[in-house]
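# Commentary on secondary and tertiary structure
The residues making up each chain are set out below.
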Amino acid sequence: MADLTLKINGKTLRLDVDPDTPLLWVLRDHVGLTGTKYSCGIGECGSCTVHLDGEPERSCSLPVSDAVGSEVTTIEGLGLQELHPVQKAWIDEQVPQCGYCQPGQMMTAAAFLENHPDPTDDEIAAGMDDVLCRCGTYLRIKKGVARAAAIISGKEG
């Protein structure tokens, strides 16, 4: 065990955890942030995606020690002050079906839109293609990302 200091959703926390523990389990079991989901456990499906300094990272395969000194943002921290445009779009488009992968989908979409504020349909498909959805709501996810882009650009409220 080690005394690690993490900055999660704007709060600085000191945690006594094994430095090799995946960030996902620290978030869920030690911090109580259960919005980030476990699915594959090997960083392939994207359900566990969080932001590390604004970049999407698979928390199930990232040792917590790799997050020390960085800002971790989880789905709970995405819209702390008000709903993030991605969250608004997800509600407006009724994107989720079962909802299990949706935190990872939204975190991936938010990071994608930071670098692609006015994406084409093909760019959305490419940017979101590595987050798996068991229910197959890919068309609604694509519409949600497009709507979030419109909200961000001011084309839609």
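Higher on the page you've got the structure.
Residues numbered from 1 in each chain as written. Predicted model: local features only at pLDDT ≥ 70, side-chain atom pairs only at ≥ 80, totals over all residues. Heavy atoms only, no water.

## Topic: a negative patch on the surface
For clarity, the threshold we go by: Grouping into patches uses exposed residues only, defined as over 30% relative accessible area, and leaves out salt-bridged ones; the cut-off is 9 Å for like charges and 5 Å for nonpolar side chains (Val, Leu, Ile, Met, Phe, Trp, Tyr). Only the protein chains shown count as cover for residues, and the accessible areas themselves come from Shrake-Rupley with a 1.4 Å probe. Whenever a carboxyl oxygen of Asp or Glu lies within 4 Å of a side-chain nitrogen of Lys or Arg, that contact is scored as a salt bridge. As used throughout, the charge tally considers Lys and Arg to be positive and Asp and Glu to be negative, leaving His and the chain termini uncounted. In this description, the location of a charge corresponds to atom NZ of lysine, CZ of arginine, CG of aspartate or CD of glutamate. Helix numbering and strand numbering both begin at the N terminus, where a helix is a DSSP run of H or I of at least 4 residues and a strand a DSSP run of E of at least 2. For the exposure calls, accessible area comes from a 1.4 Å probe over protein chains only, and a residue counts as buried if that area is under 20% of its type's maximum, exposed if over 50%, partly exposed in between.
There is a patch of like negative charges on the surface, built from D53, E55, E57 and D66. Mapped onto the secondary structure, E57 falls in strand β4 (residues 55-58). The class of E57 is partly exposed, set by a relative accessible area of 30%.

## A few points about unusual backbone geometry
Leaving glycine out, the prevailing phi sign among residues is negative, and the prevailing peptide bond configuration is trans. Even without being glycine, D53 reaches a positive phi, approximately 55°. Among the secondary structure elements, D53 is positioned in the loop between β3 (49-52) and β4. Phi at Q94 is positive, roughly 50°, even though this residue is not glycine. With respect to the helices and strands, Q94 occurs in the loop between α3 (85-92) and α4 (102-115). Under the relative-accessibility criterion, Q94 is labelled exposed at 60%.

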